[in-house]
Amino acid sequence: MRKIAVVDVFFSPEHLETIRQTAQRCGFAVDFYTDGVLPVQRAGEYEIMYGRCPADTLRQAAALKWFCCSFAGADDYLSDDVYPHPGVLLTNSSGAYGPTIAEHIIMVTLMLLRQMPYFQEVVRQKKWLRSGSMRSISGSSITVVGTGDIGTNFARRAKAMDARIIRGVRRSQKPCPPHFDEVYTTDQLDEILPKTEILVLALPSTRETVGILSRERIALLPEDAIVVNVGRGTAVDQDALMEALNSGRIAGAALDVVVPEPLPPEHPLWDTKNLLLTTHISGNFSLGITRDLDVKLFCEDLENYTAGRPLERLVDRKLGY
């Protein structure tokens, strides 16, 4: 019988039962590796793998036709060297992470606008201070670089909080996605940065996105700007951003992704002023809805795969998304 391996630690018994029933309808048997480890010697048994698998395991999967990674960023699975043959289909779980990462963006944006890092330090010093100016998402000018699932989920929430204008920046000029007031291409980014109070980066790591927020572009931001990066650390010139923050050149930043990861204890980012640093936790499976959506999307594509229809979240390994 055709077989699927599900390799992840985050799924509940209900999720596993949903996968099992869908697989059964599609003519597959499923083995669940809920400790997150698929023994290499068993890799060759599976036509489909879903979850998180190291490259060494995938290379041994001689019968593999489709690998679905249970997260949105597929950076580690783009090279043909990862697979036993170049015909393996790769899909991601884009669409599952928009709600949780959008909530994270809202949280850190509000923390910066309302000076929470400053007031946390005040409290640590056991002082009772109530002064200090605060700002709001309401009436703000927002630029979102990356208008996919994450960017669109954030834009919808920011629009509901009365942002004055939300600009989307994407690789190509397509019809304006919902909740964006204007859409620009990446080669127009320089002209809108000086008008940006809140800059959100929600990008995969590709040749086009590495270094997109360069030293020169950081210099274009107004002094009251804040930067939030939830995509990949490679998008930002970290040295230039640290200099801008430490000198007060821009108002603040929140980074959930950095280079390298994990960040060494001696790295200067830890001590950078006006920086909220989190350890790549905006996504993961931190919300139940993320796990629910992840399984739902896989099961939908399993139905497509069985019926011979195109996979909805197919990744172009050359483009990187």
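Data block above holds the structure.
All chains use their own residue numbering, which begins from 1 and follows the written sequence. It should be noted that, the model being predicted, local features are given only for residues of pLDDT at least 70 and side-chain atom pairs only at 80 or more, the latter also being counted only at that level, while totals for whole chains, interfaces and linings use all residues. Computation of side-chain values covers all heavy atoms of the structure but excludes hydrogens and water.

1. Some points on the nonpolar core
Link 1 in the chain: Only buried residues count toward a nonpolar core. Its members are Ala, Val, Leu, Ile, Met, Phe, Trp, Tyr and Cys residues joined through side-chain atoms within 4.5 Å. Three labels apply to residues, based on accessible area from a 1.4 Å probe with only protein chains included: buried if under 20% of the type maximum, exposed if over 50%, partly exposed otherwise in between. Core analysis: the biggest nonpolar cluster contains 72 residues, and M49, F67 and F298 have the highest contact counts within it.
Link 2 in the chain: Note on conventions: DSSP H or I runs of at least 4 residues are helices, E runs of at least 2 residues are strands, and numbering of each starts at the N terminus. If you tally residues by element for this core, the top one is helix α3 (residues 98-113), at eight residues.
Link 3 in the chain: With sequence-adjacent residues up to four places away left out, F67 is seen in contact with M49, G51, C53, L58, Y77, Y83, V88, L89, L90 and T91.
Link 4 in the chain: V169, L213, I218 and A240 belong to the second-largest nonpolar core, a separate cluster that totals 29 residues. Between two residues, a contact is recorded if the distance between any of their heavy atoms is within 4.5 Å.

2. Here we look at the side chain of S282
Link 1 in the chain: Mapped onto the secondary structure, S282 falls in the loop between β12 (275-277) and α9 (288-307).
Link 2 in the chain: Overall, the relative accessible area of 3% leaves S282 in the buried class.
Link 3 in the chain: At 2.7 Å, the side chain of S282 forms a polar contact with the side chain of D256.
Link 4 in the chain: For S282, the contacting residues outside a window of four places in its chain are T100, I101, H104, V230 and D256. For this analysis, a polar contact is any N or O atom pair within 3.5 Å, provided that within protein one partner can donate a hydrogen and the other can accept it, and provided that sequence-adjacent residues contribute only side-chain to side-chain pairs.

3. Concerning the sheet that holds strand β3 (residues 48-51)
Link 1 in the chain: The criterion for strand pairing is that DSSP finds at least two bridges linking the strands in question. Taken in spatial order, the five strands of this open sheet run β2-β1-β3-β4-β5, and their pairing is parallel. Only two strands of the sheet have a single neighbouring strand rather than two, namely β2 (28-33) and β5 (89-91). Each neighbouring strand pair of the sheet contributes to a mean axis angle of 15 degrees, computed without reference to strand direction.
Link 2 in the chain: The sheet contact formed by strand β4 (residues 66-69) and β5 spans three bridges and is parallel. Its bridge partner being in β5, F67 is matched across the sheet by L90.
Link 3 in the chain: On top of the sheet, helix α1 (residues 13-25) reaches β1 (2-7), β2 and β3; it is set at about 155 degrees to β2, its chief contact. The convention used is that axes are lines fitted to C-alpha atoms, helices contributing only their stretch in contact, and that angles between N-to-C directions extend from 0 to 180 degrees.

4. Quick word on the environment of F154
Link 1 in the chain: In this fold, F154 is placed in helix α5 (residues 149-160).
Link 2 in the chain: In the structure, F154 is positioned 51 residues away from E103 in sequence and 7.3 Å away in space, judged by C-alpha atoms.
Link 3 in the chain: If we ignore the near neighbours within four places in the chain, the residues touching F154 are A102, I105, I106, I142, V144 and V200.

5. Things to note about unusual backbone geometry
Link 1 in the chain: Residue P260 is bonded to the preceding V259 through a cis peptide linkage, with omega at -5 degrees.
Link 2 in the chain: Among the structural elements, P260 can be located in the loop between β11 (252-255) and β12.
Link 3 in the chain: For the bond running from E261 to P262, omega is -5 degrees, close enough to zero to count as cis.
Link 4 in the chain: Mapped onto the elements of the fold, P262 is located in the loop between β11 and β12.
Link 5 in the chain: The phi angle at N274 is positive, at roughly 55 degrees, despite the residue not being glycine.
Link 6 in the chain: In this fold, N274 is placed in the loop between β11 and β12.
Link 7 in the chain: With a relative accessible area of 42%, N274 lands in the partly exposed category.

6. Description of the pairing of β3
Consecutive side chains of a regular strand alternate in pointing toward one face of the sheet and then the other.
Link 1 in the chain: Bridge analysis of β1 against β3 gives four bridges, and the strand direction is parallel. Pairing of A5 across the sheet is with M49, part of β3.

Fair warning: the whole summary comes from geometry, so function is off the table for now.
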